[in-house]
Amino acid sequence: MDEMIMKLRISNLPASTSDDELACLFRPFGLVTSAQALTTTHAGRSHGYGFVEMLREPGELAMAELDGRQLDCRVLRVNRAMA
């Protein structure tokens, strides 16, 4: 992975969260290069977590601003994804 790109893990997402909605949540902080809300293969419902890739500096800011924020009555957890 490019040194300038960071991958974030977002947990406690509402079950209805789509890839586009996840990307929209992070776009105010900078360019989102990838956003994926993981879903089950059978029902297409969210597993409650996902991943976002973006440039390091905006990613750090997004992590600081969005960690602990409420989304649809759920408190989001945003951390650096483990490699």
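To start, this report covers the structure provided alongside it. Computed from a predicted model, the values in this text were never measured in an experiment. (Residues numbered from 1 in each chain as written. Predicted model: local features only at pLDDT ≥ 70, side-chain atom pairs only at ≥ 80, totals over all residues. Heavy atoms only, no water.)

**Digging into the overall build of the chain**
- A count of helical and extended segments in the chain gives two helices and six strands.
- For the chain, the α and β elements follow one another from N to C terminus as β-α-β-β-α-β-β-β.
- Each of the 83 residues in the chain was classed as buried or not, and the buried ones make up 35%.
- Taking as baseline every contact in the chain between residues at least 6 positions apart, the subset at least 24 positions apart corresponds to 62%.
- For the chain, the exposed area adds up to about 5200 Å²; of that, 50% sits on carbon and sulfur atoms. (Helix = DSSP H or I, 4+ residues; strand = E, 2+ residues; numbered from the N terminus. Buried < 20%, exposed > 50% of the residue type's maximum accessible area, 1.4 Å probe, protein only. Contact = heavy atoms within 4.5 Å. Areas by Shrake-Rupley, 256 points an atom, 1.4 Å probe, with all protein chains shown as cover.)

**Some remarks on the packing of aromatic side chains**
- The final tally for this structure, using the stated rule, is one aromatic pair.
- Judged by centre distance (6.0 Å) and plane angle (90 degrees), the rings of Tyr-49 and Phe-51 are edge-to-face.
- Of note, Lys-7 hangs over the ring of Phe-51, and the distance from its end group to the ring centre comes to 4.8 Å.
- The lysine or arginine in question, Arg-9, covers the ring of Tyr-49, its NZ or CZ lying 4.3 Å from the ring centre. (Phe/Tyr/Trp six-rings, centres within 6.5 Å; stacked < 30°, edge-to-face > 60°. Lys NZ or Arg CZ within 6 Å of the ring centre and 35° of its normal.)

**Section: the pattern of salt bridges**
- Enumeration over the complete set of coordinates arrives at two salt bridges.
- Here Arg-80 and Glu-60 are joined by a salt bridge, their closest N and O atoms 2.4 Å apart. A residue pair is termed long-range when its members are at least 10 positions apart, and Arg-80 in strand β6 (residues 77–80) and Glu-60 in helix α2 (residues 56–66) qualify at 20 residues.
- Between Asp-67 and Arg-77 there is a salt bridge, and its shortest N-O distance comes to 3.6 Å. Of this pair, Asp-67 sits in the loop between α2 and β4 (70–71) while Arg-77 sits in strand β6, placing them 10 residues apart in sequence.
- Judged by relative accessible area, which is 34%, Asp-67 ranks as partly exposed. (Salt bridge = Lys/Arg side-chain N within 4 Å of Asp/Glu carboxyl O.)

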